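Remarks on the overall topology
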Amino acid sequence: MTVLSTRARAVAGLLIGYALGSLTGPVLAADDTVDFGADYVPTVFITGANRGLGLEFVKQYADRGWNVIATSRRPEAAEQLQAIASRHKDLVTIEQLDVTDNDRIAFLAEKYTDTPIDVLLNNAGISGGNANQLLGKMKFDVFEEVLRVNTIAPMKISEEFLENVKASRDKKIITVSSSEGSIAGATMPRLYFYRSSKAAVNMLMKNLALQVKRRGVSVAMVNPGPTDTDFMAGLPKKMLRPTEDAVSDMIRNIDGLTVETTGSFFQYDGTIIPW
Amino acid sequence: MDKDQGLELGRREFIASVAGFAAGVVASSAAPAAAAGLDPLPAPIEKKTTVLITGANRGLGFEFARRYAERGWRVIATCRRPSGADALNELAAQSADVLVEQLDVVDHQRIDDLAARYRNMPIDVLLNNAGIGGGAENQLFGRLNYDVYRQVMDVNASGPIKMAEAFSKHVKASDLKKIITVSSSQGSISKVNLPMLYWYRSSKSAVNMLMVNLALQVRRRGIIVGLVTPGATATDFIAPRFRKAIPNIREPAVAVADMMRNIDRFTLENTGTFLNYDGGIVPW
C-alpha cells in the first residue's frame, strides 16, 4: 500500500509539474492581493457582440458602468452596437475580431496588454445549421467550422488573454455554452456537431478551471436557455425567453461565480447543469 | 426539427442502392469502390459473426483482432499501413477469416469505398478503436498546438461518427447490431481533477456526445451503441516513461478481455452508456 501511494504521489507530482510547467509567473499568494480601490472600473471583453446575446451583454454591462471591449466580425455592419457605443463613448470600444483568426486574437492581446480584463466573455458561437448534421448527410467541413468557432476560439482567447484576466480584480473567464452540450441531458438525436462542440468546449474549460484556480482565476460555462435571438430563428416565440432576461440571468451567475464554484456549468436559473 | 429526417433518407438511399445492385445497375454507393480500384468481395459470403476493427495493427486493436479471431469470428482488421503491420499480417496468414484492409480513419473517401466493398457483408460489431493522444507536449496551456487539436478531433471524434455513418447499414443487417467506440475515462468531464491533455480529453468528450446522439437515433432500428474504456494500459499509446509511473497499469490482454465482456453486455437497454473496464458506468 505504501509503495503504491508513493508511486501514486510520484505520478501525480510528475503530471502536475508537467501540466503546470508551462505557466509563467509566480502563484498568487494571499498577501499579494492588490487593493483595487472603490473607483475601480471593471472591464468585460465580449466576442460576437454585434447582435443577439452578445449585443445585450454590451448593453447591460455598459449600463452598469463597466468598460466594454466589444468585438464582432464586421463592426462596420454592426449598427446597433455602434449606437450603444456612441451612447457610452467613454465605456464601449469596438474591435474587429473573427474568433477563428488566431493572428487577430494575438494582435488584440498585444494591443490590450496593459488592460486588466475582469470578465473574458466567450459569447460568439454558431450552430452549423441543422441540415448539415443529419445522420447520413453529415458535412464534416461544417463540423470543423463549428469546432473552430465554438471550441477552439474560446480556448485560444483564454490562452492569449489570461495575463489580462490575472491582472484584474474579478478574474473570470466565461464561456456561453448550451444545455445542448450536456451529454447527460441529451434525450433526442439532433445537432450532432453543435452538441459535440459544446461538450468539447466544456471539457476544455473544466481543464482550464483546474489549471488557473491557484492563480485566483475562476472559469465557468453559462447557459442562456432558449432565447429569442437570430440563433433560434424558426422556433415558436412562446418557447423562447426574452434576450434581456437571458442575459441578466447569465450576468447574475457570472457575478456569483467564485474560485469555489469554478469549473461549473450554470443553468440560467443558477442551478448546475450535469455534463 | 424533424429527428427522423436523416433516418428516413438513409433508408431510402439504402433501398435504392440495394434495388440498383439487384438489377445489375451500379448504384451510386458502389461507384467510389470501382473508381478507387477496390474490388468487390468474391461471392458468396459465408454467414459468420463479423467485427470490423480500426487501428488493428498494434496495441488494443491488435489484441481485439487476435481475440475475436480466436472466438471464431470474421475480423475485418483495418490499419493505416498494412505493409508495416507484421503481427497482423501473420495473424491473417494463419486464418482466412482475418481480412486486412488499409484505412486511415481521417480519409472519408476511403471509408466510403470500404463500405461499398463490404456492402453485402453484415457487420455485427463495428469497433472504433483507432485513436491518437496528440502528444502531451502539444497540449500544455500557454503552448497549445491548435493544428494538433484538429488532428486529434479528426481521428478520435470525426472518424468514429463517419465510420458509423458509412457502416450503419452493414450493422443493421447483422445479428448483433453493435457500434462500439473505445473512449477514455480522460473524456469524463466530471471526473477530471488535474489539468492535462486538453486536446485528447476534449476529443473524447466530443465523441461521447456524438455516440450518445447516435444511440438515440438508431435505437428504433435495433442498433446498439456503446462506449468502452480500457483503463490505463501498457501499449505504445502511453510512453514508457509514463507507463512506469502509473500504478496498476493494465496489460493489453486484460484490458481487451474486459472490454469484450462489456461489448457482449451491451443491449438496447443500456445503449448509449459508457462502460468502464470493470463494468461500472463512467459518468459524463
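Residues numbered from 1 in each chain as written. Chains lettered and ligands numbered in written order. Predicted model: local features only at pLDDT ≥ 70, side-chain atom pairs only at ≥ 80, totals over all residues.

Quick look at the overall build of chain A now. Counting its secondary structure elements, chain A contains seven helices and seven strands. Counting from the amino terminus, chain A carries its helices and strands in the arrangement α-β-α-β-α-β-α-β-α-β-α-β-α-β. Of all 275 residues assigned to chain A, the portion counted as buried reaches 48%. Pairs at least 24 apart in sequence give 71% of the contacts found in chain A among residues at least 6 apart. (Helix = DSSP H or I, 4+ residues; strand = E, 2+ residues; numbered from the N terminus. Buried ≥ 20, exposed ≤ 12 C-beta atoms within 10 Å, placed from the backbone. Contact = placed C-beta atoms within 7 Å.)

A tally of regular secondary structure across chain B gives nine helices and seven strands. Across the 284 residues of chain B, 50% fall into the buried class.

The next thing to look at is the packing of helix α3 (residues 59–70) of chain B against helix α4 (residues 86–94) of chain B. Residue and element names in this part refer to chain B. Following both chains from N to C, one finds α3 and α4 inclined at 10°, their axes separated by 10 Å at the closest point. In this view, α3 runs roughly parallel relative to α4, as classed from their interaxial angle. Contact with α3, carried on its side by F62, A65, R66 and A69, involves A87, L88 and L91 of α4 and no other residues of that element. Classifying every residue of the contact of α3 with α4 by side-chain character gives six nonpolar, no polar and one charged. (Axes fitted to C-alpha atoms, helices over the stretch in contact; angles between N-to-C directions. Parallel < 35°, antiparallel > 145°, perpendicular 65-115°, else oblique. Nonpolar A, V, L, I, M, F, W, Y, C, P; charged D, E, K, R; others polar.)

All names here are of chain A. Taken residue by residue, helix α3 (residues 79–87) has L81, I84 and A85 as its buried positions. Around the axis of α3, the buried residues are gathered within 100° of arc, so they sit on the same side. Facing away from the buried side of α3 by more than 90 degrees, the exposed set consists of E79, A83, S86 and R87. Where the residues of α3 are buried, they touch α2 (52–63), β2 (67–72) and β3 (92–96). (Arc of directions from axis to C-beta.)

Attention shifts here to the pairing of strand β2 (residues 74–79) of chain B. Residue and element names in this part refer to chain B. For β2, the tally of buried residues reaches six of six residues, placing the bulk of the element in the interior. Side chains of β2 alternate between two faces, with R74, I76 and T78 and V75, A77 and C79 buried alike. Note that strand β1 (residues 50–53) and β2 share four bridges and pair parallel. Bridged to T50 within β2 is R74. Tracing the backbone out of β1, into α3 and back to the parallel element β2 gives a crossover that is right-handed. Sheet analysis places β2 next to strand β3 (residues 98–102), joined by five bridges and oriented parallel. If you follow I76 over to β3, its bridge partner there is L99. Taking the sense of rotation as the criterion, the β-α-β connection linking β2, α4 and β3 turns out right-handed. (Pairing = 2+ DSSP bridges. Right-handed = clockwise from strand over helix to strand, strands pointing away.)

A few words now on the nonpolar core. One finds A:V58, A:V68, A:L120, B:A65, B:A77 and B:L126 to be the most contacted residues of the largest nonpolar core, which totals 156 residues. The element best represented in this core is helix α6 (residues 192–212) of chain A, accounting for 13 residues. (Core = buried A, V, L, I, M, F, W, Y, C linked by C-beta atoms within 7 Å.)

Our focus in this paragraph is the environment of B:K177. All names here are of chain B. Relative to the elements of secondary structure, K177 occurs in the loop between α6 (146–172) and β5 (178–182). Residue K177 is classed as buried on the basis of its 24 C-beta neighbours within 10 Å. Separated by 139 residues in the primary sequence, K177 and L38 place their C-alpha atoms 25 Å from one another. Not counting residues within four places of it along the chain, the set of residues in contact with K177 comprises V171, K172, G222, I223 and I224.

Residues and elements named next belong to chain B. Taken in spatial order, the seven strands line up as β3-β2-β1-β4-β5-β6-β7 in an open sheet, and their pairing is parallel. Unpaired on one side and paired on the other, β3 and β7 (274–275) mark the two borders of the sheet. Across the sheet, α4 is in contact with β2 and β3; its angle to β3 comes to roughly 140°. Packed onto the sheet, helix α9 (residues 252–265) meets β4 (125–128), β5, β6 (224–228) and β7 and runs at close to 155° relative to β6.

With that settled, the discussion passes to the confidence of the model for chain B. All names here are of chain B. In this model, chain B carries an average pLDDT of 88, and 87% of its residues clear a pLDDT of 70 or more. Taken together, the stretch residues 1–34 has pLDDT below 50 and engages in 39 contacts with residues farther than four places along the chain or on a different chain. Listed scores for the predicted complex are pTM 0.89 and ipTM 0.89. (pLDDT = per-residue confidence, 0-100.)

Residues and elements named next belong to chain A. Take L97: it is sitting in the loop between β3 and α4 (102–111). Sequence separation between L97 and A78 is 19 residues, and the spatial gap between their C-alpha atoms is 12 Å. If sequence neighbours within four positions are ignored, L97 has contacts with T47, T71, R104 and L108.

All names here are of chain A. The strand order across the open sheet formed by seven strands is β3-β2-β1-β4-β5-β6-β7, and the pairing between neighbours is parallel. Each end of this open sheet is capped by a strand with a single partner; those strands are β3 and β7 (264–266). Each strand axis lies, on average, 20° off the axis of its neighbour in the sheet, ignoring direction. Bridge analysis of β2 against β3 gives five bridges, and the strand direction is parallel. By the bridge assignment, V68 is partnered in β3 with V92. Packing of helix α5 (residues 140–166) onto the sheet brings it into contact with β1 (43–46), β4 (119–122) and β5 (172–176), and relative to β4 it is tilted by some 170°.

It is worth spelling out the packing of α6(B) against helix α7 (residues 198–218) of chain B at this point. Two quantities define a packed helix pair, namely the angle between the axes and the distance from one axis to the other. Residue and element names in this part refer to chain B. In the contact formed by α6 and α7, the axes pass within 8 Å of each other and the chain directions differ by 15°. Relative to α7, α6 is oriented roughly parallel. For α6 against α7, the interelement crossing comes out right-handed. Note on element contacts: α7 touches α6 through W199, Y200, S203, K204, A206, V207, L210, L214 and V218, opposite V148, Y149, V152, M153, N156, A157, P160, I161, A164 and S168. Taken together, the residues of the contact of α6 with α7 sort by class into 15 nonpolar, three polar and one charged. (Left-handed = near helix turned anticlockwise from the far one by under 90°.)

Here we take up unusual backbone geometry. Here the phi dihedral of A:K171 falls at roughly 55°; this positive angle occurs in a residue that is not glycine. Assignment of secondary structure puts A:K171 in the loop between α5 and β5.

We now examine the pairing of β5(A). Residues and elements named next belong to chain A. Taken across its five residues, β5 has five buried, putting it largely inside the fold. The alternating pattern of β5 places K172, I174 and V176 on one face and I173 and T175 on the opposite face, and all of these are buried. One crossover worth recording links β4 to the parallel β5 by way of α5, and it is right-handed. Considered for its hand, the β-α-β crossover made up of β5, α6 and strand β6 (residues 218–222) is right-handed.

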